[in-house]
Structure formats: C-alpha cells, structure tokens
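The chain contents come next:
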Amino acid sequence: MPVTTRDIAELIDAERLTDAARQLAAMAPQEAASVLDGLDTRRGTIAFRLLPKDDAVHVFDDMSSNTQARLIESLGTSEVVDAFDNLDPDDRAELLDELPATVAKRLIRTLSDVEREATSVVLGFGKNSVGRRMSPEFVHVYRDDTVAQGMARVIERGHDAETIYTIPVVDHERRLHGVVSLRDLLLGDPEASVEEYRRTPVYTHATTSAELAAHRCVDLSLPAMPVVDNEDRLIGMLTLDDAADVVAAARDEDAARAGAHEMLKTPYLQSSVFTITRARVVWLFVLAISAILTVNVLEVFEGTLEQKVALALFIPLLTGIGGNTGSQAATTVTRALAMDEVRARDVLRVAGKEARVGVMMGAALGVVGFAVASVVYDTAIGTVIGATIVSICVVAATVGGMMPLVAKMVRVDPAVFSTPFISTFCDATGLLIYFTIAKTVLGI
C-alpha cells in the first residue's frame, strides 16, 4: 500500500522520525516530492531533513516551486545550496520568482559562473514567455557534420543537456535549420552527412506565450521544441515535460477562474483563511456589481410583471439558457485561442459563426418552449417564450464568443471572462429581451 502524505504527517507528529525517514527513503523521488508538497511548512521541513543527502537533491528537484520556496525560507539558503545547484535553469528561474529578492540574490551567488549565466538567460525573458520555460542547456549538431561527428558531440555534451532525443541542426552562426533524432544518429550511416537525416523543425520564438508554445508541443507530441531568438538563432529547448506542466497549470487556472476564484498556490488545508478569502472575494465583488444590472432590469419592468404574473415563472428558465449558452461559447473560443485556432482579428468571423450557432440552438429550444408554454398558458405566451429563447441564444452565443477575443485585444487574460461573469451579463440582457418581446406581443 503506497505511503500517503497523511501517513508521514502522523509519523512526524508522533515523533517516530526513524520510521518516517525509512518510509521516505523507500520512495521514488517523484513520490517523496508529492508527499512533501502536501505537508505544511513545519512538517515539510522536518521530512526534508530526514531524507538522505543524495536523495534530497533529487526530491527537491521534483517539488513544486512554491514548496521549494517555503523550504528555503524555513531551512535557510545554506542547507539547500546543493539542491538549488542541481536544478535546471528554467526550474531555478521559476523558484527564484517565488522567493524574496534578498534570498534569491544569496542563492544566485552560490552558483558557478556557468550555471549563473544559464539562469540569467532564462530570467532575461518575460514570466509568461516560453523563453522563461526553456532550457538553455542543450546539445546541437552542425549541418556539415557527419553522423559519426554528430553522435560524438552528443556523447561529449549530452550529460549537461536536459534532453537529447530531439537534436537541433544549426549552422556555424547557430541559426536553426532543422532537427534530427537520437535514433537517426544511433542507427544512421556514420559516414553520411547529418544533412541527409535533417527534418524541417517545429520551433517557437522565445517571446511567444509559454501557454501557446506548450499547447503546440503537447498536441504534436514533440519530445522537445527548439526555441530561437528574433534572428532565428537557437537559444534553448522546450521539453515535453515542461510543456505539459505549463498546459496543466493553465488548465487549473482557467478552471479556477471559471468557478469565480483565483487558484491557490498551496494545498487547501495549508492555505490560510485570509488567502482563501482573497482568492474568492474579488470575484464576488465583480459578480455582485454585475448582478445589480439584473435587479435594475426587473425594477424597470415591474409594471409589466404585475399585469402578466405568468411571465415571472419563466425567468429562471430563460436566464439559465442565456447563461449556459454564453458560457459554452466563451469556453469554446477561449480553447480555440489557446490552441491558436483563432486570433483577435477573427472577432467578426467568430461573432458571425456563433450567431448562426445561436439561431440553430434557439430554434430547436424555442419550438419546445413555444409548445409547452402554449399548452400550459396560451399561444401568446408561447410566442413570447419561443421568440425570447431564439433571441437570447443568438445574443448570448455571439457575446460569449466575442468576449475572449475582445479580452485578447485589450491584453487581458481571456479566462478572466469566467462562466459566472458571462452568466450574470447574459441574465441582464436576457431579461431586457424578454420583457421587450412580451410588451410587444402582449401589448402591455
């Protein structure tokens, strides 16, 4: 039976440190890192000290950057120098972002000149760029190398590279011309030119969004993707595991915002009440302000409701349809944006497409709404409900599809336009449409 975070926590609380040390030593580094990620700072610090020195370096490498930062602040920089030095430059840069400036500077000073320079390359790019997630430690071959020369270069320099399965092919000015696989070099004719095995590369520029590049790498199942500067010179590699981490983090963040809160950086039970409140309350203020629009609309049409009380019974149905339609459209387009299937300049094309989708969905639902309302009440009410459903679906789908693109235009994260926000917006516009149609058809 696998050892859990709770098991280690209970052993530490019971001061059975020998048993805890034995359990941790028996785990794979990834498993031990996962356990420490789930412990609070006090228990995590104790557990890390129980690890054998050689194991601690590898476990530290597999921890989340937030847990690494907590351990450094708790232990002190001197106790994690070896582990910090063992990190890849991109992981090191991510950790430094989590640390206070004074602590980060002390750790950087402990690095060798080579490691400090590699880390500085990564830190030179924006936090959301792929340059921040690439590894500047890679092995490459030249276009005019033979396969034997290329393989010799991999053997000589491969132990310092984060990946050797996809090998960039460059010229002597380090401009990227293609890639070869390790398989090509292992099984190819040693006397043949690398050029014979070169393939067209799938690459990205260092300033490209990390999420966009990572999605591309993961979707194409690339072991690694070359990263180049503005002059197409090779400066790093984005590995598949790092790309998968970026995609997973983006997915978790979008899911959190769709639920109207910010993602917690620490496990739930380790997060303070203040931290959880702060992650939620801002969104609640936004939604509360937005909901006032709905109240104002109902107040404006209060007289209409008094004349035809039956109209009030359909409000939950119509607002629910509008909110869900808008959220579906926004989710679909946000996903398309992340996959680079659409761009901000496609806003009119997306609006047209979503409007047509809204018409089709509205027609299908509107027929049902008309039939049910006509049977239960009368044909006039049925007409109001049917026409409103069609109109709401068209407006909600169009607005929901456009919002992520508009957000992109004004350089706002499209995920900010979360499901609750769009639902509230659609509630207000849906009610305006509903009562306007009702007044027109019923003559009230």
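Look up: the structure comes first, before these words.
What you see is a predicted model, and the numbers here were worked out from it, not measured in a lab. (Residues numbered from 1 in each chain as written. Predicted model: local features only at pLDDT ≥ 70, side-chain atom pairs only at ≥ 80, totals over all residues. Heavy atoms only, no water.)

Overview of helix H3 (residues 29–38)
Those residues of H3 that fall on the buried side of the exposure criterion are Ala32, Ala33, Val35, Leu36 and Asp37. On the buried face of H3, the contacting elements are helix H1 (5–13), helix H2 (17–25), helix H4 (41–50), helix H5 (53–62) and helix H6 (65–75). (Buried < 20%, exposed > 50% of the residue type's maximum accessible area, 1.4 Å probe, protein only. Helix = DSSP H or I, 4+ residues; strand = E, 2+ residues; numbered from the N terminus. Contact = heavy atoms within 4.5 Å.)

What to know about the packing of helix H18 (residues 315–338) against helix H19 (residues 347–376)
Close contact between H18 and H19 brings their axes to 12 Å; oriented N to C, the two are set at 145 degrees. For the element pair H18 and H19, the recorded crossing hand is right-handed. Residue-level inspection shows Ile321, Thr325, Gln328, Ala329 and Val333 of H18 in contact with H19, the latter providing Val350, Glu354, Met361 and Leu365. In terms of residue class, the contact of H18 with H19 is built from six nonpolar, two polar and one charged. (Axes fitted to C-alpha atoms, helices over the stretch in contact; angles between N-to-C directions. Left-handed = near helix turned anticlockwise from the far one by under 90°. Nonpolar A, V, L, I, M, F, W, Y, C, P; charged D, E, K, R; others polar.)

Comments concerning the sheet that holds strand S5 (residues 224–228)
Strand order in the open sheet made by the three strands is S4-S5-S6, with mixed pairing throughout. Looking along the sheet, the strands with just one partner apiece sit at the ends: strand S4 (204–205) and strand S6 (234–239). Pairing between S4 and S5: two bridges, direction parallel. Following the sheet pairing, Thr204 is matched in S5 by Val227. (Pairing = 2+ DSSP bridges.)

Remarks on the environment of Thr166
Mapping Thr166 onto the fold places it in strand S2 (residues 166–170). In this structure, the C-alpha to C-alpha distance between Thr166 and Pro201, residues 35 residues apart in sequence, is 9.9 Å. The residues contacting Thr166, other than those within four sequence positions of it, are Val179, Val180, Pro223, Ala224 and Met237.

Quick word on the pattern of salt bridges
Counted by the stated rule, this structure contains 17 salt bridges. Here Glu94 and Arg133 are joined by a salt bridge, their closest N and O atoms 3.6 Å apart. One end of the pair, Glu94, is in helix H8 (residues 89–98); the other, Arg133, is in the loop between helix H10 (113–123) and strand S1 (141–142), and 39 residues separate them in sequence. Residue classification places Glu94 among the partly exposed positions, given a relative accessible area of 30%. One continuous salt-bridge network, built from bridges that share partners, spans Asp13, Asp40, Arg42 and Arg43. (Salt bridge = Lys/Arg side-chain N within 4 Å of Asp/Glu carboxyl O.)

A word on the side chain of Glu137
For Glu137, the location among the structural elements is in the loop between H10 and S1. Glu137 has contacts with Asp88, Pro89, Glu115, Ala118, Asp160, Ala161 and Glu162, leaving out every residue within four places of it along the chain.

Thoughts on helix H9 (residues 101–109)
In an α-helix there are 3.6 residues to a turn, and that puts residues three or four apart on one side. Among the residues making up H9, those that are buried are Val103, Ala104 and Leu107. The buried residues of H9 all sit within an arc of 100 degrees when viewed along its axis, so they share a single face. Of the exposed residues in H9, the ones pointing more than 90 degrees away from its buried face are Ala101, Thr102, Lys105 and Arg109. Buried residues in H9 make contact with H6, helix H7 (81–86) and H8. (Arc of directions from axis to C-beta.)

Some details on the packing of aromatic side chains
Applying the stated criterion across every chain, the model contains three aromatic pairs. Aromatic side chains Phe314 and Tyr377 sit 5.8 Å apart centroid to centroid with 65 degrees between the ring planes, which places their arrangement in the edge-to-face category. Of the two residues, Phe314 is situated in the loop between helix H17 (310–313) and H18 and Tyr377 in the loop between H19 and helix H20 (379–409); the sequence distance between them amounts to 63 residues. (Phe/Tyr/Trp six-rings, centres within 6.5 Å; stacked < 30°, edge-to-face > 60°.)

Things to note about the environment of Val170
With respect to the helices, strands and loops of the structure, Val170 is situated in strand S2. When the C-alpha atoms of Val170 and Arg233 are compared, they prove to be 8.3 Å apart, with 63 residues separating the residues in sequence. Discounting chain neighbours no more than four positions away, the residues touching Val170 are His140, Val141, Tyr142, Arg143, Arg175, Leu176, His177 and Leu234.

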